[in-house]
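Chain residues, written in single-letter form:
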Amino acid sequence: MPDSALSICEQASMLARKYGYKNMSAGMLGGAISMLVEKDSLDKAKMFMDIYESESGFFDKNHDIEKGREVYYYPKGNYYMALGKYDSAEYYFRKELNAGKDFNNQNAASRGLALLYQKTHRTDSATKYALYSYAMNDSVYAHMATQEAERMKAMYDYTRYQEQAQVANMKSEKMRSKLMLISFITLCIIAITIIAVQRERKKRKAALIQYKKSIAELAKVQSEVIKLRSHGKNIEIALSVAQDNIEELNNYNADMNLLIEKKEKEIEQLQNWIQRSQNRKSKELHIAETRLKESEVYQTFDKLAMKGVPPTPEKWQQMYMTVIELFPDFYQFISSKKYALNEKEFNTCILIRIHFRPKDICNLLGVSSAYITKIRNTMMKKLFGVDGNSKDLDLKLLDY
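Read on for an overview of the structure. (Residues numbered from 1 in each chain as written. Predicted model: local features only at pLDDT ≥ 70, side-chain atom pairs only at ≥ 80, totals over all residues. Heavy atoms only, no water.)

### Examining the packing of aromatic side chains
Applying the stated criterion to the full structure yields 17 aromatic pairs. Here tyrosine 80 and tyrosine 92 contribute two aromatic rings whose centre-to-centre distance is 5.7 Å and whose plane-to-plane angle is 5°, an arrangement assigned as stacked. Of this pair, tyrosine 80 sits in helix 5 (residues 73-83) while tyrosine 92 sits in helix 6 (residues 86-99), placing them twelve residues apart in sequence. A relative accessible area of 15% places tyrosine 80 in the buried class. For tyrosine 92, a relative accessible area of 15% corresponds to the buried category. Put simply, the rings of Tyr52, Phe58, Phe59, Tyr72, Tyr73, Tyr79, Tyr80, Tyr91 and Tyr92 pair up and form one aromatic cluster. Over the ring of phenylalanine 58 we find arginine 69; its NZ or CZ atom is 3.7 Å from the centre of that ring. Directly above the ring of phenylalanine 384 sits lysine 396, whose terminal nitrogen or CZ lies 5.3 Å from the centroid. (Phe/Tyr/Trp six-rings, centres within 6.5 Å; stacked < 30°, edge-to-face > 60°. Helix = DSSP H or I, 4+ residues; strand = E, 2+ residues; numbered from the N terminus. Buried < 20%, exposed > 50% of the residue type's maximum accessible area, 1.4 Å probe, protein only. Lys NZ or Arg CZ within 6 Å of the ring centre and 35° of its normal.)

Put into structure tokens, the structure is as follows:
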């Protein structure tokens, strides 16, 4: 329906120009030119050609059309052939033949030249280009068949790839669902683990607080027992020299013994509890010696020893707590009721175990070196039931 096609082409060009698309408007007239030439509307065809060439932007400064649009030279050659301007017609047909190397342009240009030479009665040239046009026409159909086959193959490949993509997408969705499920389960496990770890930490923290509290209580009770024992010995001395008040002193001594026995039971209970706690913490105590040297109370004792100043009762209490924690077996040994060590003997044993020299022990206890030597010599028999000198005592205490 060439008339309808021509009308729509003109209307589209007019609308494009109306809304300011000048180049697009001129470019749309290219298809109309061929139809106008075939209808012998040569004046209108010439007007459209002038607009197309000047406003479309498809032509360079030499008025040569851009590559790929050489087919325009065919209707222009037909226009000049219709006007009887055969030289101009031949020029544009040959221009298309030389510039347009594809089958369509070769076919159109050779057909135009064949018609031109037929009009000008140049039979040989007309036959030559007619045969060439026929060959190019076959090539066009062959090329079109190849293109159609390629198009069909592309459509088949597209359908096949689309199916493969759908299958891959389904697999991907299944894998994504699995990954989401695995991720959810993993997050649940992590959350449960974190909760369990936090609970275990709270339990350990509570146990550690109880452990420290028990150590402090044991140190306090042990200190009280040592003082009570020392006080008991003083009562025994008083009994031997004060016969007048013997009944009162005996009653007082009996009460003192009951108190000592009660405190010793407390000590035994605390030591048992601490021992169970320390069994659970055995791995944490394998560097006890290092921890002792790095502890604040040890460093305080070391400074006081160099200055010759005895520690306060509070400092001794801190030292008891440290020794209970780091050397529990040793502390349990020297605090045993069967040895009944007095305060100075008890503290001497501790200072020997934590590597203080006799001179430092004298300074920390506020006694003479002769007194310490005497204690060290007598305690070998008292603690181990064998005779020995002070050096033997040091070695045995350091083994705990």
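Structure's up, so let's keep going.
### Focus on the packing of helix 3 (residues 30-38) against helix 4 (residues 42-55)
Remark: helix 3 packs on helix 4, axes separated minimally by 9 Å, with the N-to-C direction vectors making an angle of 160°. In this view, helix 3 runs roughly antiparallel relative to helix 4, as classed from their interaxial angle. Crossing handedness for the pair helix 3 and helix 4: left-handed. Each of Gly30, Ala32, Ile33, Leu36 and Val37 in helix 3 lies in contact with helix 4, whose residues at this interface are Leu42, Lys44, Ala45, Phe48, Met49 and Tyr52. Grouping the constituent residues of the contact of helix 3 with helix 4 by class yields nine nonpolar, one polar and one charged. (Axes fitted to C-alpha atoms, helices over the stretch in contact; angles between N-to-C directions. Parallel < 35°, antiparallel > 145°, perpendicular 65-115°, else oblique. Left-handed = near helix turned anticlockwise from the far one by under 90°. Contact = heavy atoms within 4.5 Å. Nonpolar A, V, L, I, M, F, W, Y, C, P; charged D, E, K, R; others polar.)

### Comments concerning a nonpolar patch on the surface
A cluster of nonpolar side chains, namely Met14, Leu15, Tyr19, Tyr21 and Met24, defines an oily patch on the protein surface of about 580 Å² accessible area. Position of methionine 24 relative to the elements: it lies in helix 2 (residues 22-27). Methionine 24 gets classed as partly exposed once you look at its relative accessible area, which sits at 46%. (Patch = residues over 30% accessible without salt bridge, like charges linked within 9 Å, V, L, I, M, F, W, Y side chains within 5 Å. Areas by Shrake-Rupley, 256 points an atom, 1.4 Å probe, with all protein chains shown as cover. Salt bridge = Lys/Arg side-chain N within 4 Å of Asp/Glu carboxyl O.)

### Quick look at the pattern of salt bridges
Applying the stated rule across the entire model yields 14 salt bridges. A salt bridge links glutamate 55 to arginine 17; the shortest N-O distance between them is 2.6 Å. With glutamate 55 in helix 4 and arginine 17 in helix 1 (residues 2-18), this pair connects stretches of sequence that are 38 residues apart. Using a relative accessible area of 36% as the deciding quantity, one classes arginine 17 as partly exposed. Aspartate 64 is paired through a salt bridge with lysine 95; the nearest N and O atoms lie 2.5 Å apart. Taken as a pair, aspartate 64 in the loop between helix 4 and helix 5 and lysine 95 in helix 6 lie far apart in primary sequence, 31 residues in all. Taking the relative accessible area as the measure of exposure, lysine 95 reaches 16% and is therefore buried.

### What about helix 7 (residues 103-119)?
With 17 residues, helix 7 should reach 24 Å at 1.5 Å per residue; the first-to-last C-alpha distance of 24 Å fits that figure. Three or more residues of helix 7 are buried, namely Asn105, Gln106, Asn107, Ala108, Ala109, Ser110, Gly112, Leu113, Ala114, Leu116 and Tyr117. Between the side-chain oxygen at the start of helix 7 and the backbone nitrogen of asparagine 104 there is a gap of 3.2 Å, and the oxygen is on aspartate 102. At the C-terminal side of helix 7, histidine 121 shows a positive phi close to 60°. (Expected span 1.5 Å × (residues − 1). Polar contact = N/O pair within 3.5 Å; in protein donor to acceptor, adjacent residues only side chain to side chain.)

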